[in-house]
Amino acid sequence: MDTLATTPDPYASGIARVLIEQESLQERIAEMGAAIAADYGDKRPLFVGVLKGVLFFMADLLRAVHIPLEVDFMSISSYSAETREHGVVRITKDLDTTLAGRHVIFVEDMIDTGLTLSYLLRLLQTRQPASLHVAVLFDKPSRRIVDIKPRYLGFRLPDLFVVGYGLDQREQYRNLPFVGVLSPDALRQE
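A few points on the structure.

One open sheet accounts for 3 strands, arranged β1-β9-β8; its pairing is antiparallel. Two strands lie at the open edges of the sheet, namely β1 (15-20) and β8 (162-163), each paired on one side alone.

See the structure below:
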């Protein structure tokens, strides 16, 4: 089946091509979940995600981890373009769970520059977790400024503007079940 041909309008015209099919996403997430379950089987890990982009990935990942676990979320916003370039963010919703002594898996939808993730990991490390590792679905290493190596990695992506499966352009396209490359026309639209 041609995924792009079955994409609902108005999204179809905004996608230049499908980069990762839904089936490939689900297969890789199942593999990541099995690896996490094997590594943390006796530790009852706490999964932490930052809303909104991680929502779809985190939900599917949690269903693929077949061990007892807990979940919490943060929400952040950048102060300005300048501070965003330095990875400084404002926490708009902090965690409800204490991290001290916990085995924490920070779940991220995408790492590009690594600045924001580096900032958040340093912040969480001050809360004295027993361990802190990263599970990321998408990695754009060509854009990396801060060296971050996730323990669990889904896919490496080329330096393209992609949407779908939680990734957005101005809050649109998040609900696509695949990852697609945004068309030049869609990128220019306000």
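Running from N to C, helix α1 (residues 22-40) and helix α2 (residues 55-64) point in directions that differ by 55°, and their axes come no closer than 8 Å. Taken together, α1 and α2 sit at an angle that is classed as oblique. Between α1 and α2 lies a crossing of right-handed hand. Here α1 contributes Gln26, Ile29, Ala30, Met32, Gly33, Ala34 and Ile36 to the contact with α2, which in turn contributes Phe57, Asp60, Leu61 and Ala64. Here the contact of α1 with α2 is composed, by residue class, of 8 nonpolar, 2 polar and 1 charged.

This part covers the layout of surface pockets. What the second largest pocket holds in volume is close to 220 Å³. Taken together, 13 residues make up the lining of the second largest pocket; nearest its centre are Pro10, Gln169, Tyr173, Ala186 and Gln189. Looking at the lining of the second largest pocket residue by residue, the classes come out as 4 nonpolar, 6 polar and 3 charged.

With that out of the way, let us pick up the packing of aromatic side chains. Going through the model one piece at a time under the given rule, you end up with 3 aromatic pairs. Between phenylalanine 56 and tyrosine 165, the aromatic rings sit 6.3 Å apart at their centres with planes inclined by 40°, giving tilted as the arrangement. Placement of the pair is phenylalanine 56 in helix α2 and tyrosine 165 in the loop between β8 and β9 (179-182), with a sequence separation of 109 residues. Take phenylalanine 56: its relative accessible area is 31%, and that puts it in the partly exposed class.

Calculation rules
- Residues numbered from 1 in each chain as written.
- Predicted model: local features only at pLDDT ≥ 70, side-chain atom pairs only at ≥ 80, totals over all residues.
- Heavy atoms only, no water.
- Pairing = 2+ DSSP bridges.
- Helix = DSSP H or I, 4+ residues; strand = E, 2+ residues; numbered from the N terminus.
- Axes fitted to C-alpha atoms, helices over the stretch in contact; angles between N-to-C directions.
- Parallel < 35°, antiparallel > 145°, perpendicular 65-115°, else oblique.
- Left-handed = near helix turned anticlockwise from the far one by under 90°.
- Contact = heavy atoms within 4.5 Å.
- Nonpolar A, V, L, I, M, F, W, Y, C, P; charged D, E, K, R; others polar.
- 1 Å grid on protein atoms, 1.4 Å probe; cavity = no way out; pocket = protein on both sides within 12 Å on 5 of 7 lines; lining within 4 Å.
- Points joined across faces, edges and corners; volume = space filled by probe spheres on them.
- Phe/Tyr/Trp six-rings, centres within 6.5 Å; stacked < 30°, edge-to-face > 60°.
- Buried < 20%, exposed > 50% of the residue type's maximum accessible area, 1.4 Å probe, protein only.

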